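Spelled out, the chains give:
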Amino acid sequence: MNQAAIDDLLGFLRFPSVSTQHDHAGDMRACAEWLRGRCEKAGLSARMEETGGCPCVVAETPKDSAKRTVLIYGHYDVQPPEPLEEWTTPPFEPDIRDGKIFARGATDNKGQILAHLLGVEQTLAEKGNLPVNVIFLIEGEEEIGSPNLGALTSKLKQELACDVIVISDTGMVVHGHPTLTFSLRGITSLEIRVSGPSHDLHSGVFGGAVANPATVVARLIASLHDEKGHVAVEGFYDDVRPMFDWEVQASEALPVREEDIRELSGVPELTGESGYSAIDRIGARPTAEVNGIGGGYQGEGTKTVLPKEAFAKLTFRLVPHQDPEEIQNLVMDHLKKHCPPGVHLEIIRGHHGEPYYTDPNSLYGHAARQALSRTFGKETALLREGGSIPILGTFQQILGAEVLLLALASPDCRAHSPNENFPLENFEAGIRLNQAVLEEIGNLPR
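These numbers were taken from a predicted model, which means no experiment stands behind them. In every chain, residue numbers begin from 1 and rise along the written sequence. This being a predicted model, a pLDDT of at least 70 is required before a residue's local features are given, and a value of 80 or more before pairs of side-chain atoms are given or counted; all residues contribute to the totals for chains, interfaces and linings. Values reported for side chains reflect all heavy atoms of the structure, with hydrogen atoms and water molecules removed beforehand.

**Student:** Explain the overall build of the protein chain to me, please; I cannot follow it from the model alone.
**Tutor:** For the purposes of this entry, the term helix denotes a DSSP run of H or I that reaches at least four residues, the term strand denotes a run of E that reaches at least two, and both are numbered from the N terminus. Secondary structure summary: the protein chain contains 13 helices and 18 strands in total. For the radius of gyration, the atom set is restricted to C-alpha positions; the globular benchmark scales as 2.2 Å times the number of residues to the power 0.38. The C-alpha radius of gyration computed for the protein chain amounts to 23 Å, which stays within 12% of the reference 22 Å derived for 446 residues, consistent with globular compactness. Dimensions along the principal axes, computed over C-alpha positions, put the protein chain at roughly 80 × 50 × 45 Å. Contact definition: two residues touch when any of their heavy atoms are within 4.5 Å. Long-range contacts, defined as pairs at least 24 residues apart, comprise 79% of the intrachain contacts of the protein chain with a sequence gap of at least 6. Surface accessibility follows the Shrake-Rupley procedure with a 1.4 Å probe radius. Residue values consider only the protein chains on display as shielding. For the protein chain, the computed accessible surface area is about 19,300 Å², with 49% contributed by carbon and sulfur atoms. Positive charges come from Lys and Arg, negative ones from Asp and Glu, while His and the chain ends are left out of the count. A charge is said to be at NZ when it belongs to Lys, at CZ for Arg, at CG for Asp and at CD for Glu. The protein chain carries 39 positive and 63 negative side-chain charges, and their two centres are separated by 2 Å.

Below, the structure written as structure tokens:
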């Protein structure tokens, strides 16, 4: 593979562009500035757009009214790297081993979006023009729910007007298999804080007479599911529709086994909502998850206290037709109903994003499937994926354009985890995929 392309990715990955941690604000801006310059080097006009948070990079080719316009979206912000001790090499000192680049953001999303930029650059260098108009919109707040991108998209609605949106921020069903994601789950989040006594109490002197906030948090979490793994929040499933027959067939045809999922996750046994396969639980069913929990003594050995407070961080992955704000309200009502006396419950609303769904048999869907098959040499798999890209619903509302989710992430990429990685072959394939999909869209009849 071209060493210059690898060097570009290594340089991109060295920026600790962690959007959720305020002490990285300078790193965020430096990364955006590097990206703006790299877009200009590729032959695009590029600038940084201020958002009130982290800046966005907007880059484009000159408009040709005879061509379709493709908006390519990605993000340069990354998840926090912690726990640092679990990384084999430092998360922002990218390391190449076993044919993969290891670094925070390697797959999510720096490797994937840079592959598209390099694909455009190569086509411009070889042919002098592109078969379509291209706009890059690369933000710095995806990992915190894109709180400012909707307003910017509205502000730039005319400039960002496009026929179709292309995104590579999703996963292949198995390594090297072309995958078009036609549905993503939405998300809503909140944090609960339970406080009781004014200070930590001696558990022998007060235990049994005073409500324990840590126990209350555990009970509230346990109340979220019944014994069959269903979410026990009243009204939670009211807007969940059954899968269409063709969706069931597409799911059954996926080249992945439940054993593959078990091995990737490193668990002794898969579990979850009864009556559904693991692949359908991940992509076609909503969930309630605990992302963090704490309270009381955390040090070595025993400290016999009754803690004054405890907390839990919760997220709910939602399927098409579920409304994130409505689900958030239902969950809050549930938690208040199940909170026992003797403590104070504080609920802090978090970010949310809409579920996404499109028809993979549309005109653009067929173009994407053809491009994926050309790139990877296999028939394209159709996948309902469990992750979320919060801005997709906003794009549909403001720009009114279909979104094509073209996967470049391998199942074992460890996105959001220590030792995140991106195979060099995926990076190279991403460059070719960009060229193929722009060609396929450019060849569509007007």
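Right, picking up where we left off after that structure.
**Student:** Looking at this structure, I do not really get the pairing of strand β7 (residues 164–167). What am I missing?
**Tutor:** Side-chain positions along a regular strand alternate between the two faces of the sheet. Here's how the labels work: a residue is buried when its accessible area is under 20% of the maximum for its type, exposed when over 50%, partly exposed in between, all with a 1.4 Å probe on protein chains only. Here β7 shows two buried faces, one formed by Val-164 and Val-166 and the other by Ile-165 and Ile-167. Pairing of strand β3 (residues 69–75) with β7 involves four bridges; the strand directions are parallel. What sits directly across from Val-70, in β7, is Val-164. One bridge is not enough; two strands pair if DSSP finds at least two bridges between them. In this structure, β7 lies alongside strand β17 (residues 402–406), joined through four bridges in parallel fashion. Bridging across to β17, Ile-165 finds its partner in Val-403.

**Student:** Help me understand empty space enclosed by the protein in this model?
**Tutor:** In this approach a probe as big as a water molecule rolls over the atoms, and the regions it shows empty are the leftover space. A cavity here means a set of points on a 1 Å grid, drawn over the protein atoms and nothing else, where a 1.4 Å probe fits but cannot get out; a pocket is an open set with protein on both sides within 12 Å along at least five of seven lines, and a residue lines either one if it has an atom within 4 Å of a point. Grid points are joined across faces, edges and corners, and a volume is the space filled by probe spheres set on the points. Inspection of every chain in the model, using the stated rule, returns four cavities of 30 Å³ or more. Together, 13 residues line the largest cavity, and Met-243, Ser-251, Leu-254, Asp-280 and Arg-384 are the ones closest to its centre. Just so you know the grouping, Ala, Val, Leu, Ile, Met, Phe, Trp, Tyr, Cys and Pro go in nonpolar, Asp, Glu, Lys and Arg go in charged, and all remaining residues, Gly too, go in polar. In the lining of the largest cavity, the residues fall into eight nonpolar, two polar and three charged. Residue lining of the second largest cavity: Val-240, Arg-241, Met-243, Ala-284, Val-319, Pro-320, His-321 and Arg-384, and that is the complete set.

**Student:** I tried to follow the sheet that holds strand β14 (residues 344–353) on my own but got confused; where do I start?
**Tutor:** Adjacent strands of a sheet pair through backbone hydrogen bonds, lying either parallel or antiparallel. Within the open sheet, the four strands sit side by side as β11-β13-β9-β14. Their pairing is antiparallel. Two strands close off the open sheet at either side, each with one partner strand: β11 (287–295) and β14. Across the sheet, the mean angle from the axis of one strand to that of its neighbour is 15°, orientation sign disregarded. Relative to β14, strand β9 (residues 186–195) runs antiparallel, the two sharing eight bridges. From the neighbouring strand, Ser-195 faces β14, where its bridge partner is His-344. In the packing of helix α6 (residues 213–222) onto the sheet, contacts are made with β9, β11, β13 (309–318) and β14, and the angle to β13 comes to roughly 15°. Only C-alpha atoms enter the line fits that serve as axes; for helices the fit covers just the stretch in contact. Angles between N-to-C directions range over 0 to 180 degrees. Lying on the sheet, helix α10 (residues 324–338) is in contact with β9, β13 and β14; it crosses β14 at an angle near 165°.

**Student:** Please explain the environment of Ala-115 as it appears in this structure.
**Tutor:** Structurally, the position occupied by Ala-115 is in helix α3 (residues 106–127). The spacing of Ala-115 and Leu-9 is 106 residues in sequence and 8.9 Å in space, taken between C-alpha atoms. What Ala-115 contacts, discounting residues up to four positions off in sequence, is Leu-408, Phe-427, Gly-430, Ile-431 and Asn-434.

**Student:** When you look at the environment of Asp-27 in this model, what are you seeing that I'm missing?
**Tutor:** With respect to the helices and strands, the residue Asp-27 is situated in helix α2 (residues 25–41). Since its relative accessible area comes to 25%, Asp-27 is described here as partly exposed. As for Asp-27 and Thr-188, which are separated by 161 residues in sequence, their C-alpha atoms are 28 Å apart. Ignoring anything within four residues of it in the chain, the contact list for Asp-27 reads Phe-15 and Pro-16. As used in this structure description, the phrase polar contact means that two N or O atoms lie within 3.5 Å; if the pair is within protein, one of them must be able to donate a hydrogen and the other to accept it, and residues adjacent in sequence are counted only when both atoms belong to side chains. Of note is the side chain of Asp-27, whose polar atom sits 2.7 Å from the side chain of His-24.

**Student:** Teacher, can you tell me more about unusual backbone geometry here?
**Tutor:** Note: most residues except glycine have negative phi, and most peptide bonds are trans. The residue after Glu-82, namely Pro-83, is reached through a cis peptide bond having omega 5°. In this structure, Pro-83 sits in the loop between β3 and β4 (95–97). Looking along the chain, the bond that leaves Asp-108 and enters Asn-109 is cis, with omega of 10°. Examined against the element boundaries, Asn-109 turns out to sit in helix α3. A positive phi angle is found at Arg-414, which is not glycine, with a value near 60°. Residue placement: Arg-414 occurs in the loop between β17 and β18 (421–423). The phi torsion at His-416 lies on the positive side, around 70°, for a residue other than glycine. Note on placement: His-416 falls in the loop between β17 and β18.

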